[in-house]
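Observations on chain architecture
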Amino acid sequence: MKKKGLWIAIAIVVIAAVVVYFAFFAGKEKTASSKQEIVKVGFIGPLTGPAAAYGINARNGAQIAIEAINAEGGILGGKKIELLIEDNQGDESETVNIMNKLIDQEKVVAIVGPVTTGPTTVAAGIAGDKKVPIVSPTATGDNITKLSDYVSRVCFYDSYQGPVMAKFALENLEKKTAAILYDNTNDYSMGLADSFALTFAENGGEILIKEAFTAGDQDFNSQLTKIAALNPDIVYVPAYYSDDAQILLQARQIGMTAIFMGGDGWDSQDLINGAGAAAEGCYFTTHYSAADTSELVQEFLQKYSEKYNAEPNFAGPLGYDAALLLADAIERAGEPNPEKINAAILETKGFIGVTGEFSFDINRNPLKEVTIATVTDGKFVLVDKVRP
Amino acid sequence: MAPLCLIKKEGVEMGLFIQQIVNGIALGSIYALIALGYTMVYGIIRLINFAHGDIYMLGAFVGYFALTTYKLPFGVSLALAMLIPALLGMLIERVAYRPLRKAPSIAVLITAIGVSLLIENLAMLWFSPDPRPFPQIFPLRPLELSGIRVSIPQVIVFITAVILMMALNFLVQKTKVGKAMRAVSQDKEAASLMGIDINRIISLTFALGSALAGAAGVMVGVIYPRIQPLMGVMPGLKAFVAAVLGGIGSIPGAMLGGLIMGLTESLVTALISSTWRDAIAFSLLIVILLVKPTGILGKSMREKV
Amino acid sequence: MSETNLLEAKCVTMNFGGLTAVANLSFELKKGELVGLIGPNGAGKTTVFNMLTGVYSPSFGTIHLEDELISKLPPYRITQKGIARTFQNIRLFNQLSVTDNVRIAFHTRKLYPIYNSIFLTPNFFKQERAIADDTKALLSLLHLEERAEDKACNLSYGQMRRLEIARALATGPKVLLLDEPAAGMNPQETEELTALIALIREKFDLTILLIEHDMTLVMKLCERIMVLDYGIQIASGTPLEIRQNKRVIEAYLGEEV
Amino acid sequence: MTLETKQKKPDGYLMLFLALLILSVNLLLISGKMPAYYKGILGFAGINIILAVSLNLINGITGQFSLGHAGFMAVGAYVSALISIYLKWPLILALLLGAVVAALLGIIIGLPTLRLKGDYLAIATLGMGEIIRVVLLNLEITKGARGLTAIPRSTSIYLVELVAFITVIFTVNLMRSTHGRALLSIREDEIASEAMGINTTFYKVFAFATGAFFAGLAGGLFAHLMGYIAPKNFEFMRSIEILVMVVLGGLGSITGSIVATIILTILPEALRSFSQYRMVLYSGLLIIMMLFRPQGLMGTKELQVREVFRLFGFGGGKNV
Amino acid sequence: MLEIKNLHVYYGQIHALKGVSFVVRKGEIVTLIGGNGAGKTTTLKTISGLIPLKEGEILYQGESITGVKAHDLVSQGLVQVPEGRHVFPSMSVQENLDLGAYTRKDKKAVKEDLDKVFHLFPRLKERRQQLAGTLSGGEQQMLAMARALMSSPKLLLLDEPSMGLAPLLVREIFNIVTEINSTGVTILLVEQNANMALSIANRGYVIETGRVVLEGEAASLAANEAVKKAYLGG
């Protein structure tokens, strides 16, 4: 009996401690950051959980950008930017709590993130309510920027790059039949698959089959066998690089010779590391090319590998650009005021980032060139840059 | 007989069908390998060891580091990838499960979930959540037989699974240790009155099951050369379903369940649509449980009233 | 069927796979009788109980309670019709209190609609009070009132057996089936139990069928005894007849009793 | 010893204490003093309480090991969200219909599967939850992995509180009646329960359906709180999270579920400053909790202020 | 051979044994009798190492075995047949017997013992390949005893061997106990059926609520008025 009582006591103490913590520490009104020498900016992304690979890259990119800006004297005449990083595990409920916390408790003026579409959808509503701008590095769902005026992004949206690849396949490669293999648990993959299919069919191509897989699958033989039997000219695989590498390997294993294509999810050195020779001759659309010799790109890549001892996947440069864009907007807003910053973001014209030069359309989606890359001799090679 | 690929129209369909069956068997062998360990652990302490899938993941990582960082030969790497998870399995049992031997089974289940989450998150912390390409050991070019393609790793995994199943079955049915395992699984108190050190036997079972999971991890790395910290979650779940399907506690059942899972997934993809694959696999599980509540090869125990 | 036959089993057979546990068994219980069912282990005695209470549905044959066919009914319906039982390997609701164990058994006799309990209607309080009172009375009859609030699993063995009987009585049975009530009891305890069974039989106007290996209890209490061996009824009669029956001695009692 | 189990009447102190707590929280809310951050957490805590208490009804009280609670939540969420989006019915109607559909599904699934026992039931309900998720991924109307956007964000914190309150009262009142005892008896020994004249099939399905109903309500509230739902919100880990709350609180203890839910909703927030070690800490704490307190915080008991007083040495310390 | 000194055992808060002491000499049959919940089974389980003791000492063949685990005692010849048989239900009779000899290395001696056991329990020989769970209660009790004999015990602890058995079988079981004893195995017997137990035992102890209240030669106990009244149904 004694022991049980003890536990109840401990439970109560724990609750009390948590309550006190919230009441006195976390709850403390932070003085508005405008009066300080620091401008607070939030970052939301999955640093743990299944999508962590993208969240961490995006965060790394954003951190490099912020550090670079601070090192060069900061913004608004010498104020430093503080990046408050929060892990949402790719979860929507977490995102709600983080948004509330960052905006209400920490008084951030703007947020880089969230990284994936689901949480961004939820964050969009809160951003609109509280009138604090969010800039997503990598959320590609078509609709998210229409949900509120305070959402923008630096990446393509789903129906932006799919058509580019479809036209490229039809017009440049003169291929007529295609198969699609996508991840049906992933909205990004679905979006690209749909937009590709639509354009491809509208412009005279034929979609022979759409097959799906599930995130986390290791074995794609069944789908590939089915696709191979129809013998399509190309196979469009709008998925992430680690899945793509698997699919390429297994496709070549069963002797498929079709051309494989994909979207920006392919853009990682790990595609080549993973697929090896199987990646040769594939095409994908992306934001930039690591082979791009421009100073900005090379400098970013160098800093990234110095700081993190790794090569970024596509989320890295997008995180970098999102942070850079935001800093630029704060500078142009003239003061750390969320609404003014948002206005400044909307007015962004000819912004030059690692992933190219762009302005926003009316829905705050970047209008930028789509890079088409291929793999030759184990290296990414720039094929074309297209402005849709 | 004409090679399958030369048979026209219907013949091609037939060839495709057989190819899908081959695919299913290959995939099923992996599930079977993981399910074997699951079934052993469940059999002895009636615990759904949620951490089993994560041990399988660790096996893959041990193999990866042995092969790449330390450049060890494949055989040695495989041995290490079985040994380290085995030790870890024993450690987990000792620290997290043994103190709860008399606790309600649901508490142990929650602990197992905790262990699973812990391993996953530590792995993400240490290994980074980025997927890594597993070094390619065997040639990727498939063997081709009458138009049906099988890759060498697929054959190896299938054969390994069958051999391990037979070895385990022999161990459990015929050897002294095996009899002790069965005795412990049926009645722990009586087993200890036979002079059986039940803690040692349970420890051994965990070691064996975890070593199997580790081996499966390396095998998966060989066939599907990509590993990452969460790679054990879905296969772990499906392997458990496979074990239940075949009759949990039964070693041939685990093999059978694994193959059925693999074949179902492959044939659903081939005949219906891959998007419904998991739903149909789980429906099959429920139907089988309703018809035969203890699984296909499980012994049905009538409750004495 | 005669008026006095409360329970009637006709040609009841139970097969498990290839095994016939009970073969072609027919018997009847007259109202108010106290009948013993004896036989070697594995003879099918508990199987008979399981068929009477609906745990198993007989492979062949019929069971009638007051001229009503009950052999196809599920166990809870049979209990509602008036057959209650205890279990050979005591099955109490271990983590619940002694009171709760008995209160649960009033379920069918003092049932009120679920919405009554959700909205705390007057009927809810009325019924619950009645249940509480009746429970108290039963517990005191079986000398369990001292332990009313203890968990059932903390009772002594004899108390557990008594609680099982209290619980069975709470369902308001016409027929009570007792499965080895004296198992594991020493002679003194058995003697007390014998008196108790006689008492409740009188008080609740019960018809009782009991399985028991303790011959002192069986011989003392039962008016009639049936003997099963390998699922077949090998004898039936008064205690005296049974004691002298050659087949029974051979199969069950052994020499001199 | 006897004091512990005797307590069946509602504990006056506890009621008073809870009333005061709820009152003060609501005063804070109404006055607008509560920051949105805490309001958000409070909302999630409320939804989690509904989920945990309703799962406790199935798992803890009736003893049916279910791992598919997220599936029912998903059904409630999707049905109510679709009604709100396409039919534009009032929120309450949408929520209720969502819950009813979830309950019906509970009955349809429960009738055959509840014949299974223990781990087998668990794995079957797990499969069922996964099937629901895959169906949601594949239907046109649910928009697959994209999820439903533009759900009116019409759930107010007061509504969440109200529903949580109703769930708890419903369960507590049920527990104190013959029907609640019937559920408990099934957990303890199904065969004996049947022998006491209890229609165990009915009660198991009843518990399953009622649990599903409240889970559906919680799902509806969740959908209208977030404004967005997708199948991955209702993965099997979600069921596990709810289960952890129930087990940590103590199977069968309603106050336990509530306390554990509040702790487990706040804990990740409190651990937020540990960022990447957060999940490691969380899982570590989970293991340690279970090792030292396998029956959960409260066991099968209910929290009572009297005990708390006794614990701190106030009055009647005998018999402890 | 076995000496119990002042044994105290607790189940949680419940003080189950309150200073039990007794001795068993080599070659004897000693019986513990007493009511339900008196602590007889607890005593046996404590001796065989299944339950930890709080206080007291257990000497076996002159050495302290206090705190030694159950599985280590088996190879020293101290073997318990648990209450309620506890055979391994989904293993065959043969496999159950094999497990009895788990700790033994000498295959030849094991084989000899198997023959002896089958001689003692001819019914088990007929059912060698049958699953133990399908045996009748009496056969299971025989199997449990046979299994214990396979570990070549010096001291056999028997817990309620007659429980739930038909009168005919009870007699058979007790005959076998005597027979086992005659081959030189010392026996400590716990029984409800005090009549039977005292009729085959050399000496007996009466346990009530965790204490030894009476001890003596079996015959004198059987003649004791108090014992007669309480346990023999006289």
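Because the structure is a prediction, the values reported are computed rather than measured. (Residues numbered from 1 in each chain as written. Chains lettered and ligands numbered in written order. Predicted model: local features only at pLDDT ≥ 70, side-chain atom pairs only at ≥ 80, totals over all residues. Heavy atoms only, no water.)

1. Looking at the interface of chain D and chain C
Of the residues lining the interface, 30 residues belong to chain D; the matching set on chain C comes to 33 residues. Where chain D abuts chain C, roughly 3000 Å² becomes buried across the two surfaces, and 64% of that area is made up of carbon and sulfur atoms. Area buried by chain D at its contact with chain C is led by Arg181, Glu188 and Met196 of chain D, which between them contribute 23% of it. Counting across the interface, chain D meets chain C through two salt bridges. (Contact = heavy atoms within 4.5 Å. Buried area = accessible area lost by both parts, 1.4 Å probe. Salt bridge = Lys/Arg side-chain N within 4 Å of Asp/Glu carboxyl O.)

2. Some words on the domain arrangement of chain A
Residue and element names in this part refer to chain A. Segmentation of chain A into domains returns domain 1 (38-156 + 292-369) and domain 2 (159-286). Averaged C-alpha coordinates put domain 1 and domain 2 at centres separated by 29 Å. Listed by partner, the interface residues are 14 residues for domain 1 and 13 residues for domain 2. Interface of domain 1 and domain 2: buried area, both sides summed, is about 1200 Å²; carbon and sulfur atoms make up 56% of it. (Domains from an automatic or database assignment.)

3. Examining the sheet that holds strand β5 (residues 151-153) of chain A
Residue and element names in this part refer to chain A. If you trace the five strands from one edge of the open sheet to the other, you get β2-β1-β3-β4-β5, paired in parallel fashion. Two strands close off the open sheet at either side, each with one partner strand: β2 (80-87) and β5. Averaged over all adjacent pairs, the angle separating strand axes in this sheet is 25 degrees, with direction ignored. Note: strand β4 (residues 134-136) against β5, three bridges, orientation parallel. Bridged to Ser136 within β5 is Arg153. Lying over the sheet, helix α11 (residues 315-333) contacts β1 (38-45), β2, β3 (110-112) and β4, oriented at roughly 165 degrees with respect to β3. (Pairing = 2+ DSSP bridges. Helix = DSSP H or I, 4+ residues; strand = E, 2+ residues; numbered from the N terminus. Axes fitted to C-alpha atoms, helices over the stretch in contact; angles between N-to-C directions.)

4. Points about the nonpolar core
Ranked by size, the top nonpolar core spans 278 residues in total, and within it Tyr97 and Ile196 of chain B, Leu163 and Leu210 of chain C together with Ile229 of chain D carry the most contacts. When sequence neighbours within four positions are dropped, the list of residues in contact with Leu163 of chain C reads Leu92, Val98, Asn101, Val102, Leu139, Leu144, Ala152 and Leu155 of chain C. Ile209, Phe213, Phe220 and Phe260 of chain A belong to the second largest nonpolar core, which has 112 residues in total. (Core = buried A, V, L, I, M, F, W, Y, C linked by side-chain atoms within 4.5 Å. Buried < 20%, exposed > 50% of the residue type's maximum accessible area, 1.4 Å probe, protein only.)

5. Remarks on the packing of aromatic side chains
Residue and element names in this part refer to chain C. For the coordinates displayed, the defined rule picks out 39 aromatic pairs over all chains. For the ring pair Phe16 and Tyr56, a centre distance of 5.0 Å and an interplane angle of 80 degrees mean the geometry is edge-to-face. Within this pair, whereas Phe16 is found in strand β1 (residues 5-16), its partner Tyr56 is found in the loop between α1 (45-52) and β4 (60-65), the two being separated by 40 residues in sequence. Here the guanidinium or amino end of Arg167 rests over the ring plane of Phe93, the centre of that ring lying 4.7 Å away. (Phe/Tyr/Trp six-rings, centres within 6.5 Å; stacked < 30°, edge-to-face > 60°. Lys NZ or Arg CZ within 6 Å of the ring centre and 35° of its normal.)

6. Some points on the confidence of the model for chain D
All names here are of chain D. Here chain D averages 85 in pLDDT, while 88% of its residues score no lower than 70. Within the model, the stretch residues 1-10 combines pLDDT values under 50 with 16 contacts to residues more than four positions away or in other chains. For this predicted complex, the interface confidence reaches an ipTM of 0.88, while the overall pTM sits at 0.89. (pLDDT = per-residue confidence, 0-100.)

7. What about helix α7 (residues 187-204) of chain C?
Because each turn of an α-helix spans 3.6 residues, side chains separated by three or four positions end up pointing in the same direction. Residue and element names in this part refer to chain C. The end-to-end C-alpha distance of α7, which contains 18 residues, comes to 26 Å, matching closely the 26 Å that a straight helix rising 1.5 Å per residue would cover. The set of residues buried in α7 consists of Glu189, Thr190, Leu193, Thr194, Leu196, Ile197, Ile200 and Arg201. Buried residues belonging to α7 abut β3 (34-38), α5 (122-141), α6 (157-170), β7 (175-179), β8 (207-211) and α8 (215-221). One or two positions beyond α7, positive phi appears at Asp205, with a value near 55 degrees. (Expected span 1.5 Å × (residues − 1).)

8. What about the environment of Val246 of chain D?
All names here are of chain D. Mapped onto the fold, Val246 is located in helix α11 (residues 236-249). Considered as a pair, Val246 and Leu96 are 150 residues apart in the sequence and their alpha carbons are 24 Å apart. Each residue touching Val246, except ones within four places of it in the same chain, is listed here: Ala52, Leu55, Asn56, Leu251 and Ser257.

9. Thoughts on the sheet that holds strand β12 (residues 356-360) of chain A
All names here are of chain A. Within the open sheet, the three strands sit side by side as β11-β12-β13. Their pairing is antiparallel. Pairing within the sheet leaves two strands with one partner each, and these edge strands are β11 (351-353) and β13 (366-367). Sheet topology note: the β11/β12 ladder contains three bridges and is antiparallel. Each bridged residue has a counterpart across the sheet, and for Gly353 the counterpart in β12 is Gly356. Against the sheet, α11 touches β11 and β12, its axis set at about 145 degrees to β11.

10. Observations regarding a nonpolar patch on the surface
All names here are of chain D. Taken together, the side chains of Tyr86, Leu87, Trp89, Leu93, Leu97, Val101, Leu139 and Ile141 make up a nonpolar region of the molecular surface, amounting to roughly 700 Å² of accessible area. At the level of secondary structure, the elements contributing two or more residues to the nonpolar patch comprise α4 (69-87) and α5 (91-113). Tallying contributions element by element places α5 first for the nonpolar patch, with three residues. Assignment of secondary structure puts Leu93 in helix α5. (Patch = residues over 30% accessible without salt bridge, like charges linked within 9 Å, V, L, I, M, F, W, Y side chains within 5 Å. Areas by Shrake-Rupley, 256 points an atom, 1.4 Å probe, with all protein chains shown as cover.)

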